[in-house]
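# Survey of secondary and tertiary structure
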Amino acid sequence: MINTSSNGIVAFENELNGIVHEYLEYGNYADTLAKFSDECSGKNKPLNTPSSWIVSDFKKVEIQRELLTLFQAGLRKEFFMMWDEWLPEITRRQDQLCQRLEFYLNIYFAIYPIRTGIGKDNKVQIDEAMMDFKNYLETRGAALSQTMEFLPYYALPFVPNPTAHISFRELFTDQWVPDLQSRLEKFLTLTLKSSAQPRLFDLYKDSSNKDTLEQLD
């Protein structure tokens, strides 16, 4: 018969209670969190929470660094996969600052082959980048189609030579990309800080990935 006494988990109880506390706090389960904390205190159970945020801080730095690396390399697909994974859906859907930044990020990836010269002798890459931007405009970007700030950019996929078009000259200045990267860095710092995901999420992801790999074996 399995021993269910607390002696078996006492060595990990501090961390386990901290993980539960962290998740309840993240999910804003205020009443449950208060009762859990009181019961831990009443039973003299260890409750360690600070270390979890240290782990989260390291994770945030890692996520931000990887997103910036993908940004600089012009890897649109990989960038937005991470963007969607680590930014809360409510932020992506309702935060106007996030939506505006996402629009300019899509412009950046659309003109990346032109700016860097990668597509100079390869029209296919330019066409593919513009097609991705066009798809964005027709889906997630459609919500901003009535905003004067972004209206001119809905014509971008149909302009043969954007570098010579008066509406898009700013996109090809030396300062445009550094300014956009700076905005991206500041946004990630603030957003990831305010929405650090609890360790329980990471544990679930690791377990889910492991199960998937085992099924593939």
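A short tour of the structure in this document, coming up. It should be emphasised that the depicted structure is a prediction, and the values quoted were computed from it without experimental measurement. (Residues numbered from 1 in each chain as written. Predicted model: local features only at pLDDT ≥ 70, side-chain atom pairs only at ≥ 80, totals over all residues. Heavy atoms only, no water.)

## A word on the side chain of Q181
Locating Q181 in the fold gives a position in helix α8 (residues 176-194). Relative accessible area serves as the criterion here: at 18%, Q181 is assigned to the buried category. Those residues in contact with Q181 that lie beyond four places of it in its chain are L68, F71 and Q72. (Helix = DSSP H or I, 4+ residues; strand = E, 2+ residues; numbered from the N terminus. Buried < 20%, exposed > 50% of the residue type's maximum accessible area, 1.4 Å probe, protein only. Contact = heavy atoms within 4.5 Å.)

## Focus on the environment of K77
On the secondary structure map, K77 appears in helix α4 (residues 76-86). Separated by 55 residues in the primary sequence, K77 and D132 place their C-alpha atoms 9.4 Å from one another.

## Focus on the packing of α4 against helix α6 (residues 96-116)
Orientation of α4 relative to α6, taken along the N-to-C sense of each, is 165°, at an axis distance of 11 Å. Relative to α6, the element α4 is oriented roughly antiparallel. Handedness of the crossing formed by α4 with α6: right-handed. Where α4 approaches α6, its residues R76, F79, F80 and W83 are matched on the opposing element by C98, L101, E102, L105, N106 and F109. Partitioning the contact of α4 with α6 into residue classes produces 7 nonpolar, 1 polar and 2 charged. (Axes fitted to C-alpha atoms, helices over the stretch in contact; angles between N-to-C directions. Parallel < 35°, antiparallel > 145°, perpendicular 65-115°, else oblique. Left-handed = near helix turned anticlockwise from the far one by under 90°. Nonpolar A, V, L, I, M, F, W, Y, C, P; charged D, E, K, R; others polar.)

## Focus on the side chain of T191
By secondary structure assignment, the location of T191 is in helix α8. Under the relative-accessibility criterion, T191 is labelled buried at 9%. If sequence neighbours within four positions are ignored, T191 has contacts with L87, P88 and T91.

## With respect to helix α2 (residues 30-42)
The α-helix advances 3.6 residues per turn, and as a result positions three or four apart in sequence lie on the same side. Over its 13 residues, α2 runs 18 Å from end to end, which matches the ideal 18 Å to within 8%, given 1.5 Å per residue. Within the span of α2, buried status applies to L33, F36 and C40. Looking straight down α2, one finds that the buried residues subtend no more than 65° of arc, so they occupy a single side. Residues of α2 that are exposed and point more than 90 degrees away from the buried face comprise D31, K35, D38, S41 and G42. A positive backbone phi angle near 55° is found at N44, which sits one or two residues after α2. (Expected span 1.5 Å × (residues − 1). Arc of directions from axis to C-beta.)

## Notes on the packing of α6 against helix α7 (residues 123-138)
Closest axis-to-axis distance for the α6/α7 pair is 7 Å, and the angle between their directions is 160°. Taken together, the axes of α6 and α7 are roughly antiparallel relative to one another. Handedness of the α6/α7 crossing: left-handed. The residues of α7 that touch α6, namely those facing Q99, E102, F103, N106, I107, F109, A110, I111, P113 and I114, are Q125, I126, A129, M130, F133, Y136 and L137. Of the residues contributing to the contact of α6 with α7, the split by class is 13 nonpolar, 3 polar and 1 charged.

## A short note on the packing of aromatic side chains
Under the counting rule described, the total for this entry stands at 19 aromatic pairs. Look at F103 and Y136: their rings are 5.7 Å apart centre to centre, the planes differ by 70°, and that puts the pair in the edge-to-face class. Here F103, found in helix α6, pairs with Y136, found in helix α7; they are 33 residues apart in sequence, far enough to count as distant. Since its relative accessible area comes to 0%, F103 is described here as buried. Their ring planes at 20° and their centres at 6.3 Å tell us that F133 and Y136 sit as a pair that is stacked. Taken as a pair, F133 and Y136 lie in helix α7 at a separation of 3 residues, close to a single helical turn. Residue class for F133 comes out buried when judged on its relative accessible area of 0%. The class of Y136 is buried, set by a relative accessible area of 5%. Members of the aromatic cluster, each reached through a chain of ring pairs, are F71, F79, F80, W83, Y108, F109, Y112 and F187. (Phe/Tyr/Trp six-rings, centres within 6.5 Å; stacked < 30°, edge-to-face > 60°.)

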